[in-house]
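Take a look at the letters that make up each chain.
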Amino acid sequence: STAALYTRALAVLEASGEAAAEERSVLLANRAACHLKDGACRLCVADCSGALELVPFGIKPLLRRAAAYEALESYRLAYVDYKTVLQVDCTVQAAHDGINRMTKALLEKDGVNWRQKLPPIPTVPVSAQTRWGVPSAAAPGANTPLATAPRGEADQTAAGTERARTLKEEGNELVKKGNHKKAVEKYSQSLQLSQECATYTNRALCYLTLKQYKEAAQDCTEALRLDPKNVKALYRRAQALKELKDYKSSIADIKSLLKTEPKNTAALRLLQELNRA
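Please read these numbers as outputs of a predicted model, since none were measured by experiment.

Caption draft 1: Representation of helix 12 (residues 247–260). Look at helix 12: 21 Å from first C-alpha to last across 14 residues, which is about the 20 Å you get at 1.5 Å a residue. Inspection of helix 12 places Ser-250, Ile-251, Asp-253, Ile-254, Leu-257 and Leu-258 among the buried residues, and these make up the whole buried set. For helix 12, the arc enclosing every buried residue in end-on projection is 160°, short of the 170-degree limit, so these residues lie on one face. Every exposed residue of helix 12 that faces more than 90 degrees away from the buried side is listed here: Lys-248 and Lys-259.

Now the structure itself:
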C-alpha cells in the first residue's frame, strides 16, 4: 500500500541519520493522507502531530488532522486545527468550510456557550503566516494538484478534473435533448470527481423539471456554498422552495438575487407570483 511506501521512506531517512525535518514532515503528512483515506483516523492524527512537531503550522497536516478529528467527532479539536490554518493562510477554502461545519456541530452539542469549552487556539507567529501577496503553494484552488502530492496523484487530479468536465458536457447535451433523468446521472458522476458550481445548478434544473424539488433546493445550496451570489442557484432554489410551499425562504432568495441583478425579469416575475401566493 502507499502508506507502507511512506513508512519505508521514513525508515530510510531515519537510518541515514540525515533526517531533514522538512522531508520527514512531508512524508508523515502524506502517510497521514493515506490513513485518512483508509479511515484509520487515529493513525492519521498521530502522523499529522508528528509532522507538525517537525515543521510547526504546516497547512496540510493541520487540515488532514482536522478532517480526522472531525471523523472521530472530536469537533473542538477539529475547530482548533481549522482555525489555526486560517491564521496561517486566510484564503484556504477547506478551512472556512470546516469552521462552518464545526460551528454548527458544536452549537448542537454544547449550546450557545460552545466557544467557552474550546481548547486554546495556538497563536501563529508572523513568520509562519502566508502573506496575501504571494500565491501560496500550500493552498491550491480546488483544481490544482497539491504541491507535495506524489507526481501520480497530481496527474490523477488533473485527469479527474478533465473527466468531470467531459461528463458535465455530456449532461448538458442530454438536457438539450430533453433527457433530464440521464443528464442527472452524468452530472452526479461529474460531481463525484469535481465539485463545480455550474454542475450543481445544471443538475438542480433537471431536478426541477423532474419535480424533485427537495433535491433541486439541496443542489442550489451546494452551489451557493461554492459561490454565495450565484444568480442561477438563487433563482432555481427560489423556484424549488416555492413548489415546496416555503414562500418565506423563496422570497428571501429572490431578494438576494435582485441585490446582484436588480433588473432580472424572471426573478421579478417570480417575486410577483410569490407575493400573490
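Here the narrative resumes.
Caption draft 2: Structural view of the nonpolar core. Ranked by size, the top nonpolar core spans 28 residues in total, and within it Leu-63, Tyr-79, Tyr-82, Val-85 and Ala-95 carry the most contacts. Sorting the residues of this core by element identifies helix 3 (41–54), helix 4 (59–71), helix 5 (75–88) and helix 6 (93–110) as the ones contributing at least two each. The biggest single contributor to this core is helix 5, with 7 residues. Not counting residues up to four positions away in its chain, the partners in contact with Val-85 are Ile-59, Leu-62, Leu-63, Val-92 and Ala-95. Grouped together as the second largest cluster of nonpolar side chains are 19 residues, Ala-204, Ala-238, Ala-267 and Leu-274 included.

Caption draft 3: Structural view of the environment of Tyr-69. Considering the arrangement of structural elements, one finds Tyr-69 in helix 4. Sequence separation between Tyr-69 and Asp-81 is 12 residues, and the spatial gap between their C-alpha atoms is 9.1 Å. Apart from the residues within four sequence positions on either side, Tyr-69 is in contact with Val-45, Ser-74, Leu-77, Ala-78 and Asp-81.

Caption draft 4: Region of interest: the packing of aromatic side chains. Scanning the model with the defined rule gives 1 aromatic pair in all. On the basis of an interplanar angle of 75° and a centroid distance of 5.2 Å, the ring pair of Tyr-79 and Trp-114 is categorised as edge-to-face. Of the two residues, Tyr-79 is situated in helix 5 and Trp-114 in the loop between helix 6 and helix 7 (151–176); the sequence distance between them amounts to 35 residues. Residue Trp-114 is classed as buried on the basis of its relative accessible area, which comes to 5%.

The rules we used
- Residues numbered from 1 in each chain as written.
- Predicted model: local features only at pLDDT ≥ 70, side-chain atom pairs only at ≥ 80, totals over all residues.
- Heavy atoms only, no water.
- Helix = DSSP H or I, 4+ residues; strand = E, 2+ residues; numbered from the N terminus.
- Expected span 1.5 Å × (residues − 1).
- Buried < 20%, exposed > 50% of the residue type's maximum accessible area, 1.4 Å probe, protein only.
- Arc of directions from axis to C-beta.
- Core = buried A, V, L, I, M, F, W, Y, C linked by side-chain atoms within 4.5 Å.
- Contact = heavy atoms within 4.5 Å.
- Phe/Tyr/Trp six-rings, centres within 6.5 Å; stacked < 30°, edge-to-face > 60°.

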